[in-house]
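So you can see what is in the structure, the chains are spelled out below.
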Amino acid sequence: MTLPILRTTEDLRARIREWRCAGESVGLVPTMGALHEGHLSLVRLCGATTARTCVTIFVNPKQFAPGEDLERYPRDEAADARLLDAEGADALYAPDVGDVYGPGFATRVAVGAVGDDLEGAFRPGFFEGIATVVTKLLMKALPDTAFFGEKDYQQLVVIRRLVADLDIPVAIEAAPTVREADGLAAASRNAYLTPAERERAPRLFRAMVSVAQTVDAGGEVDAACADARRTLLDSGFASVDYVAVRDAETLGPPAYPARTARVLAAARLGTTRLIDNVAVAPEPGHDS
Ligand code: PAF
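Everything numeric here is computed off the predicted structure, so don't read it as measured data.

Trainee: Hey, could you go over the state of the cysteines for me, with residue numbers and the actual values?
Mentor: What is meant by a disulfide is a covalent connection between two cysteines, made through their sulfur atoms. Evaluated as defined, the whole model comprises zero disulfides. Cys-46 takes part in no disulfide bond, and the closest cysteine sulfur to it belongs to Cys-54, at a distance of 8.6 Å. Overall, Cys-46 belongs to the buried group, its relative accessible area being 0%.

Trainee: Please give an account of the site of the ligand that cites residues and values.
Mentor: Near the ligand you find Pro-30, Thr-31, Met-32, Asn-60, Gln-63, Ile-130, Val-133, Val-134, Phe-148, Asp-152 and Gln-155, and these make up its full shell. Contacts to the ligand include Gln-63, whose side-chain N or O atom sits 2.6 Å from an oxygen atom. Here an oxygen atom of the ligand and a side-chain polar atom of Gln-155 are 2.7 Å apart. Here the ligand, which alone exposes 290 Å², has 89% of that area covered by the protein. The element best represented in the shell around the ligand is helix 6 (residues 126–141), accounting for three residues. For the shell around the ligand, the class distribution of residues is six nonpolar, four polar and one charged.

Trainee: Which residues make up the pattern of salt bridges, and what are the values?
Mentor: Summed over the entire model, instances satisfying the criterion amount to 19 salt bridges. Here Glu-119 makes a salt bridge to Arg-273, at a shortest N to O gap of 2.7 Å. In this pair, Glu-119 is assigned in helix 5 (residues 119–122) and Arg-273 in strand 9 (residues 272–279), connecting sequence segments 154 residues apart. Residue classification places Arg-273 among the buried residues on the basis of a relative accessible area of 15%. Taken together, the salt bridges that share partners define one network made up of Glu-24, Arg-52 and Asp-90.

Trainee: I'd like to hear about helix 9 (residues 203–216), residue by residue, with values.
Mentor: In a regular helix each residue adds 1.5 Å, so 14 residues correspond to 20 Å; helix 9 covers 20 Å between its end C-alpha atoms and thus fits that length. Listed as buried for helix 9 are Leu-204, Phe-205, Ala-207, Met-208, Val-211, Ala-212 and Val-215. Here the buried residues of helix 9 occupy an arc of 165° about the axis, which is enough to place them on one side. Contacts made by the buried residues of helix 9 are with helix 10 (221–234), strand 7 (239–247), strand 8 (261–269) and strand 9. Where helix 9 ends, the next residue or the one after it, Gly-218, has phi of about 90°, a positive value.

Cut-off values and rules
Residues numbered from 1 in each chain as written. Predicted model: local features only at pLDDT ≥ 70, side-chain atom pairs only at ≥ 80, totals over all residues. Heavy atoms only, no water. Disulfide = S-S within 2.5 Å. Buried < 20%, exposed > 50% of the residue type's maximum accessible area, 1.4 Å probe, protein only. Near = heavy atom within 4 Å. Polar contact = N/O pair within 3.5 Å; in protein donor to acceptor, adjacent residues only side chain to side chain. Areas by Shrake-Rupley, 256 points an atom, 1.4 Å probe, with all protein chains shown as cover. Helix = DSSP H or I, 4+ residues; strand = E, 2+ residues; numbered from the N terminus. Nonpolar A, V, L, I, M, F, W, Y, C, P; charged D, E, K, R; others polar. Salt bridge = Lys/Arg side-chain N within 4 Å of Asp/Glu carboxyl O. Expected span 1.5 Å × (residues − 1). Arc of directions from axis to C-beta. Contact = heavy atoms within 4.5 Å.

In structure tokens, the structure reads:
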């Protein structure tokens, strides 16, 4: 394996400096590891966009609330490194907590309204944790472009907001959600599903597609979301946190078809919480 694994900000910056001195563009793919096809699609997009691809793996404690799955979050750095090596990534930055949050660390990045509801309402502190770590990763690496998946759609909107608000000179590129043949979105937490839950899981995608079709056909948004919620509960989901239709750019109330819209949902199958989203009338090549 030739993939260099960098543990410190100093080593990360030294490597990126070498690339910059050679006149090469740099892409960053931030992850929490447990890599799947969704992550690998970002690595490939990065490879096709910038001369160098740096992937980060850091299970960020600040985006887990007490009682969430920080301890049991899947981790297998050796397997992840092999996958990245096979994809031709140029470096892996995999720091320990101390390299990211040094002694006395106190700063928080809060993005306001776009992070307040949907996931933000069910996971207090979640987007502050994400915004803080993503700001740090971007400032450490200062890549030309950073890559994020549409699977975590609200996260993407939050990151675009913070990059614009803080004048961080990095372009944000999004890649469509990668799905299994039955529609389930690729996600590290899918590993928690039992075989019976795995069979039911694609119903979340199907319920969202049905809402998207209703909205596209001019149907009533609230009724479509209520229907989807009922269908999910009837088909074995333990609870539904939200099924919502929002403006695709601001996550405010939708104004479809004048503006693009997105259906977003989060629901629990057994103890596993799944989140997903689809575009209303998706553009070709984007999520359906
Ligand atoms: O999407 C993720 O894996 C994480 O939220 C991110 C963006 C790497 C920040 O920890």
